[in-house]
Each structure stands twice: as structure tokens, then as C-alpha cells.
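# Summary of the model geometry
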Amino acid sequence: MKRITIAIALLLFMLPFSYALPPADTTRPPIVILSFDDAEISHYTVVAPMLKKYHCNATFFVCDFPRKTPADSVEFMNWQQIQRLHQMGFEIGNHTGHHKNVTKLTRGQLQQEIQYVDDKCSS
Ligand SMILES: [Zn+2]
């Protein structure tokens, strides 16, 4: 969580400086795209509230890590928390169902991994 908090704090610190640089197109403000992956719980508890506070949007690429220990349940978001991010206005991206190495999957396995997140988001 410290790593994410530091990254966000650094980003918010740097944002005013990016406006000081001459943009290529002076008729439009600079664009910053934020994305976060792996559905870490700190995205829900720290990142999302901070982004809302500063009126920033982001995409959260989510997956469903197998929960092998009780600690895993508090380390990653559940699907209700992911739904809440969506309700808060954030975009939810598909990071495959179980964070697999997609270069090692067959076409059918890849389709299953993608469908898994689509089904979870639909339900
Ligand atoms: Zn990842």
C-alpha cells in the first residue's frame, strides 16, 4: 500500500509541472491516463478515494486471484468492491480471470479467461 500511496502522491506532485511544459497542441489540456491492475485492495481503500478527491478518473484492470490463505482475502478486492468502483464512475478493465500468462494459453483458454471477468462483471 505504501508503494501505491507514494506513486499517487508523486503523480499529484508532478501534475502542476506537466502543465508548465509547452503542450504540442495548445488548444487542449494535457492528457494523463491512469491505470491500475491486479485488483489490490489498496486500489479500493486508498487509490479510488484519492482520485475522487482530486477529480481524476482511472481504469482498474481486475482479475480474480485464488485465495489460498485468509490474508489473500484482505489483500485483493472482492467483486462487490469492484462493482463499487464501477458505481463510483471508474472504468473496469479485463485483466483475465486469474492473471494467467496469456502467451501460454490456447485460444480457447484465453477466451475462457476473458469471459470469466465479463461474467463476473455482468453478475
Ligand atoms: Zn497484473
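Quick caveat: nothing in here was measured; it's all calculated off a predicted structure. (Residues numbered from 1 in each chain as written. Predicted model: local features only at pLDDT ≥ 70, side-chain atom pairs only at ≥ 80, totals over all residues. Heavy atoms only, no water.)

## Considering the coordination of the zinc ion
- Within the protein, the zinc ion binds to D37 (OD), D38 (OD), H95 (NE2) and H99 (NE2); these donor distances fall in the range 2.0 to 2.7 Å.
- Bound by 4 donor atoms, the zinc ion shows angles of 79 to 176 degrees at the metal and therefore irregular coordination geometry.
- Positions of the donor residues of the zinc ion, expressed as sequence spacing, correspond to D-D-x56-H-x3-H. Here D37, found in strand β1 (residues 35-37), pairs with H95, found in the loop between β3 (91-94) and α5 (107-122); they are 58 residues apart in sequence, far enough to count as distant. (Donors = N, O, S within 2.8 Å, 3.2 Å for Na, K, Ca; no water. Tetrahedral: all angles 85-135°; square planar, octahedral: opposite > 155°, others 65-115°. Helix = DSSP H or I, 4+ residues; strand = E, 2+ residues; numbered from the N terminus.)

## A short note on the pairing of strand β2 (residues 59-62)
- Pairing analysis gives 3 bridges linking β1 to β2, with the strands arranged parallel. Within β2, the position partnered with D37 by the bridge is F61.
- In terms of handedness, the path from β1 via helix α2 (residues 41-53) over to β2 forms a crossover that is right-handed. (Pairing = 2+ DSSP bridges. Right-handed = clockwise from strand over helix to strand, strands pointing away.)

## Description of the layout of surface pockets
- Quantified by volume, the largest pocket comes out at close to 230 Å³.
- W79, Q80, I82, Q83, H86, I92, K120, C121 and S123 together form the lining of the largest pocket.
- Mapped by element, the contributors of at least two residues to the lining of the largest pocket are α4 (79-87) and α5.
- The dominant element in the lining of the largest pocket, judged by the number of residues it contributes, is α4, at 5 residues. (1 Å grid on protein atoms, 1.4 Å probe; cavity = no way out; pocket = protein on both sides within 12 Å on 5 of 7 lines; lining within 4 Å. Points joined across faces, edges and corners; volume = space filled by probe spheres on them.)

## A look at the packing of aromatic side chains
- On inspection of all chains with the given rule, the structure shows 2 aromatic pairs.
- On the numbers, 5.3 Å between centres and 20 degrees between planes, the contact of F36 with F60 is stacked. Of the two residues, F36 is situated in strand β1 and F60 in strand β2; the sequence distance between them amounts to 24 residues. Accessibility classification places F36 together with F60 in one group, the buried group.
- Aromatic side chains F60 and F90 sit 5.2 Å apart centroid to centroid with 85 degrees between the ring planes, which places their arrangement in the edge-to-face category. Within this pair, whereas F60 is found in strand β2, its partner F90 is found in the loop between α4 and β3, the two being separated by 30 residues in sequence. No difference in accessibility class separates F60 from F90, as the two residues are buried. (Phe/Tyr/Trp six-rings, centres within 6.5 Å; stacked < 30°, edge-to-face > 60°. Buried < 20%, exposed > 50% of the residue type's maximum accessible area, 1.4 Å probe, protein only.)

## Structural notes on the sheet that holds β1
- The strand order β1-β2-β3 describes an open sheet built from 3 strands, whose pairing is parallel. Of all strands in the sheet, those with a lone pairing partner are β1 and β3, marking the two edges. The mean angle between the axes of side-by-side strands here comes to 25 degrees, regardless of whether they run parallel or antiparallel. (Axes fitted to C-alpha atoms, helices over the stretch in contact; angles between N-to-C directions.)

## Some points on α4
- What α4 keeps buried is the set W79, Q81, I82 and L85. Looking straight down α4, one finds that the buried residues subtend no more than 160 degrees of arc, so they occupy a single side. In α4, the exposed positions that point more than 90 degrees away from the buried face belong to Q80 and Q87.
- Residues of α4 that are buried sit in contact with α2, β2, β3 and α5.
- Taking the backbone nitrogen of Q80 as reference, a side-chain oxygen 3.0 Å away marks N78 as the first, capping residue of α4.
- Once α4 finishes, G89 follows within two positions and takes phi at roughly 105 degrees, a positive value. (Arc of directions from axis to C-beta. Contact = heavy atoms within 4.5 Å. Polar contact = N/O pair within 3.5 Å; in protein donor to acceptor, adjacent residues only side chain to side chain.)

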